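Examination of the molecular architecture
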Amino acid sequence: MHILPLGHVCLTAYLEYAKNNPISEAYAQVSAHDYIIAGILRRQGEARNLVAVMEQPVDKHIELYEDDLRGKFLSEEETTPPVISDSGVKIQGGGKDLSYDKIMICPLLMDFSSVRPLDLYYPEPPVHDIRKQAREVLEGIELYHTNHPKGKIDAFPFLGINPLNHSLEYTEELLNECFHKTKLFSKKASFAGIKVYPPMGFDPDPADPVMKEKVELLYTFCEQHSLPIVTHCDDQGFRLIPLEESFTYTSPERWKGVLERHPDLWIDFAHFGEEYYHLRKGIATFGSQYHQEFPWRKTILSLMKTYPHVYADLSFDGVNPDSWDELNLMLESLPSSERELYQDRLLYGTDWPLSLSKITSALHYWRGFCDSHIDPDLCNKMLNVNPERFLFH
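In what follows, the accompanying structure is described. Remember, predicted model here, so these are calculated numbers, not experimental data. (Residues numbered from 1 in each chain as written. Predicted model: local features only at pLDDT ≥ 70, side-chain atom pairs only at ≥ 80, totals over all residues. Heavy atoms only, no water.)

1. Here we look at the packing of helix H11 (residues 295-306) against helix H13 (residues 336-343)
To be explicit about the condition: Only the contacting stretch of a helix is used when fitting its axis, a line to C-alpha atoms as for every element, and angles between N-to-C directions run 0 to 180 degrees. Under the DSSP-based scheme used, a helix requires at least four consecutive residues in state H or I and a strand at least two consecutive residues in state E, with every element numbered from the N terminus. Roughly parallel here means an angle under 35 degrees, roughly antiparallel means over 145, roughly perpendicular means 65 to 115, and every remaining angle is called oblique. Here, residues are in contact when the closest pair of their heavy atoms is within 4.5 Å. The residue classification treats Ala, Val, Leu, Ile, Met, Phe, Trp, Tyr, Cys and Pro as nonpolar and Asp, Glu, Lys and Arg as charged. All others, Gly included, are polar.
At their nearest, the axes of H11 and H13 sit 10 Å apart, and the two run at 90° to each other. With respect to each other, H11 and H13 are oriented roughly perpendicular. Residues Leu301, Met304 and Lys305 of H11 pack against Glu338, Leu341 and Tyr342 of H13. When the residues that make up the contact of H11 with H13 are grouped by side-chain class, the tally is four nonpolar, no polar and two charged.

Shown next as structure tokens:
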């Protein structure tokens, strides 16, 4: 999920890109019917919920998420069972009856700092400082815990960073400050890993030697400190670079060389390689069932077989509850030995609050998962066993 206070989102950068690339953006909105920016523009009702969250401070982000899962915002006519209560967390429905003490969220920060000049009337473009955002998120997490000592949410955020936008020295300094708990940052809340975002210009494996040195610093640091990485991996998103360039950087193929050099990296391919663009998808047949085939997803599965710490999450996919049944179909089509390996690498996710662009609430997203036909053992792996291994290996 994300914590995205509106003040830290560089909307001017997206608007500048869209203005200078109208044909590309028009194609994106026509070809990818689920393109998130287009969805926000077309469905202002849902967008109001998303923006209402983004206009809140960090501690309120977490408070809203918990209250949502407690069912506090349901109308009197709705009978949707809550996920959180004072006694803990209940996952019930679809043959499942699982109980947990708390929900541990991993809010992903996004590095909106950019070296690209903007053609603005006002001479001073907005500045988005990832250091300031990091400090604000950690302080907000502490404030939530102070105000909700019996709350059922624990937060372990991931630091968003694009080393290609920073000097080598700044990148190293930022990593040391955020993960060695210097006085600059909070002593209680802390970061759990790194978030990278290719559609905003992060190239996992650049050819330029200066740029490669920067990303190699990041990968080496993560290996040395056993820090997991989450990389955005679907073909939509908040894009600030041309479409084909974004496809190249975002593709899991781009990580093959990285993993060859750093086979011990722990990496999660967010959204499990979902592809929304019509011309990029094929159709696979599972028995009498038809299922969309995603080449990126195939690549991720191949990487899982080769490297022991490659994972994928299903965040945002659950805005369509049928996606959980499609996941079942995919797994059931595989040999049992492979199926077990993949089941041990899948992680649950929501992409909240961005998922509010397509679904009413966090609770409705969770209920789609609870009521799905996913086996309770796999459900427990995705919610508990696999995330624990990924985060605290």
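2. Things to note about the side chain of Ser355
To be explicit about the condition: Burial here depends on accessible area, computed with a 1.4 Å probe over protein chains only, as a share of the maximum for the residue type. Under 20% is buried, over 50% is exposed, and the range in between is partly exposed. Distance and chemistry together define a polar contact, namely a pair of N or O atoms within 3.5 Å, with one atom able to donate a hydrogen and the other to accept it when in protein, and with adjacent residues in sequence counting only for side-chain atoms on both sides.
Structurally, Ser355 is set in the loop between strand E13 (346-347) and helix H14 (362-370). Classification of Ser355 by relative accessible area gives buried; the value is 2%. From its side chain, Ser355 meets the backbone oxygen of Thr350 in a polar contact 3.2 Å long. What Ser355 contacts, discounting residues up to four positions off in sequence, is Phe316, Val319, Thr350 and Tyr365.

3. Structural notes on the pattern of salt bridges
When the charged atoms of two side chains with opposite charge come close together, those side chains can pair. Inclusion rule: The term salt bridge refers to a pairing of a side-chain nitrogen on Lys or Arg with a carboxyl oxygen on Asp or Glu at a separation within 4 Å.
Per the stated rule, a full pass over the model turns up 17 salt bridges. Its salt-bridge partner being Lys72, residue Asp67 comes within 3.5 Å of it at the nearest N-O pair. When its relative accessible area of 54% is taken as the criterion, Lys72 is described as exposed. Look at the salt bridges and you will find they share partners, linking Asp205, Lys212, Glu216 and Arg261 into a network.

4. Examining the packing of aromatic side chains
In this description, a pair of aromatic rings is defined by centroid distance and the angle of the planes. We apply this condition: Centre distance within 6.5 Å is the pairing criterion for rings of Phe, Tyr and Trp, where only the six-membered ring of Trp is used; planes under 30 degrees apart are then read as stacked, over 60 as edge-to-face, and the remainder as tilted.
Using the criterion set out here, one finds 16 aromatic pairs in the structure. With a centroid separation of 6.4 Å and an interplanar angle of 85°, the aromatic rings of Trp324 and Tyr365 are classed as edge-to-face. With Trp324 in helix H12 (residues 322-332) and Tyr365 in helix H14, this residue pair connects regions lying 41 residues apart in the sequence. Ring geometry for Tyr348 against Phe369: centres 4.6 Å apart, planes inclined by 45°, an arrangement best described as tilted. Of this pair, Tyr348 sits in the loop between E13 and H14 while Phe369 sits in helix H14, and the two are 21 residues apart along the sequence.

5. Section: helix H15 (residues 376-392)
As a reminder, the rule being used: For a helix, the expected span equals 1.5 Å multiplied by the residue count minus one. One axis is fitted to the seven residues ending at the residue and one to the seven starting there. The bend at that residue is the angle between these axes.
Over its 17 residues, H15 extends 23 Å from the first C-alpha to the last, a length consistent with the 24 Å expected when each residue adds 1.5 Å. At Met382, H15 shows its largest bend, some 45°. Those residues of H15 not exposed but buried are Leu378, Cys379, Met382, Asn386, Pro387, Phe390 and Leu391. Structurally, the start of H15 carries an N-cap: the backbone nitrogen of Asp377 is 2.8 Å from a side-chain oxygen of Asp375.

6. Considerations on the sheet that holds strand E8 (residues 229-232)
Just so we agree on the cut-off: When DSSP locates at least two bridges between a pair of strands, those strands are taken to pair.
The parallel open sheet is built from six strands, whose spatial order is E6-E7-E8-E9-E12-E13. Across the chains shown, the open sheet's two edge strands, defined by having one partner strand only, are strand E6 (158-160) and E13. As judged from the four bridges shared by E8 and strand E9 (residues 267-270), these two strands associate in the parallel manner. In the sheet register, His232 faces E9, and the bridge partner there is Ala270. Those strands touched by H11 are E9, strand E12 (310-313) and E13, and its axis lies near 145° from that of E12.

7. Quick notes on unusual backbone geometry
Residues Trp352 and Pro353 are joined by a peptide bond in cis, for which omega reads 5°. Examined against the element boundaries, Pro353 turns out to sit in the loop between E13 and H14. Of note in the backbone geometry, Ser226 takes a positive phi value of approximately 55° without being a glycine. Residue placement: Ser226 occurs in the loop between helix H8 (209-224) and E8. Residue classification places Ser226 among the partly exposed residues on the basis of a relative accessible area of 33%. You will see that His271, though not glycine, has its phi angle at about 75°, which is positive. Of note, His271 is situated in the loop between E9 and strand E10 (282-286). Taking the relative accessible area as the measure of exposure, His271 reaches 4% and is therefore buried.

8. Notes on the pairing of strand E3 (residues 96-100)
The side-chain alternation of E3 yields one buried face, formed by Lys96, Leu98 and Tyr100, and one unburied face, formed by Asp97 and Ser99. In this structure, strand E2 (residues 88-93) lies alongside E3, joined through five bridges in antiparallel fashion. Looking across to E3, one finds that Ile91 is bridged to Leu98. Where E2 hands over to E3, the hairpin turn is made up of two residues, of which Gly94 adopts a positive phi near 60°.

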